[in-house]
Amino acid sequence: PILLLDEPTVGLDARSEAGVLRTLAAVSRGRTCLWIAHGLDAILDCPRVLVFRNGRIAADGAPSPLLAGSGGLSNLVAGHPA
């Protein structure tokens, strides 16, 4: 089974977002999940993140190393403060 989500937490307040993320974590177990997200909180618990730039994969890996390294996800976060 595949679960495809496009911005599942957009427009939610912090409390609602946390609840949705908990629920999605539970229902996504055992599934292939593709989450399209611009918010950092939505991807922190994902095992793998693909960062796209100009239609191509610019970075690929776990969120923590991508945030710590130069380029890819760290550049996107630096350019879009919360």
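Structure: see above.
Predicted model only: the values in this text are computed from it and were never measured. Position numbers for residues start from 1 in each chain and track the written sequence from start to end. Reporting in this predicted model follows two pLDDT cut-offs: at least 70 for local features of residues, and 80 or more for side-chain atom pairs to be given and counted; totals over whole chains, interfaces and linings ignore these cut-offs and use all residues. Side-chain descriptors were evaluated using all non-hydrogen atoms of the structure, hydrogens and water having been removed beforehand.

### Focus on the pairing of strand β4 (residues 56-61)
No. 1: A pair of strands counts as paired when DSSP detects no fewer than two bridges linking them. Secondary structure elements follow DSSP: runs of H or I no shorter than four residues count as helices, runs of E no shorter than two count as strands, and numbering proceeds from the N terminus. Pairing of strand β3 (residues 49-53) with β4 involves 5 bridges; the strand directions are antiparallel. Its bridge partner being in β4, Val51 is matched across the sheet by Ala59.
No. 2: The hairpin formed by β3 and β4 contains 2 residues between the paired strands, and Asn54 there has a positive phi angle of roughly 55°.

### Digging into the nonpolar core
No. 1: For this analysis, a nonpolar core means a set of buried residues of the types Ala, Val, Leu, Ile, Met, Phe, Trp, Tyr and Cys, connected via side-chain atoms within 4.5 Å. Relative accessibility under 20% of the residue-type maximum defines a buried residue, over 50% an exposed one, and the middle range a partly exposed one, all with a 1.4 Å probe and only protein chains included. Core analysis: the largest hydrophobic core is formed by 7 residues, namely Ile43, Cys46, Val49, Val51, Ala59, Leu66 and Leu73.
No. 2: Counting 6 residues, the second-largest nonpolar core is a separate cluster that includes Leu3, Leu5, Leu21 and Ala42.

### Things to note about a nonpolar patch on the surface
No. 1: Each patch groups residues whose relative accessible area exceeds 30% and which form no salt bridge, using 9 Å between like charges and 5 Å between nonpolar side chains of Val, Leu, Ile, Met, Phe, Trp and Tyr. Using the Shrake-Rupley algorithm and a 1.4 Å probe, accessible areas are obtained, with residue cover drawn only from the displayed protein chains. One side-chain nitrogen of Lys or Arg within 4 Å of one carboxyl oxygen of Asp or Glu is enough to make a salt bridge. On the surface, Ile2, Leu4, Leu34 and Ile36 cluster together into a nonpolar patch covering about 420 Å² of accessible area.
No. 2: Listed by contribution, the elements that provide at least two residues to the nonpolar patch are β1 (2-6) and β2 (32-36).
No. 3: Here Ile2 lies in strand β1.

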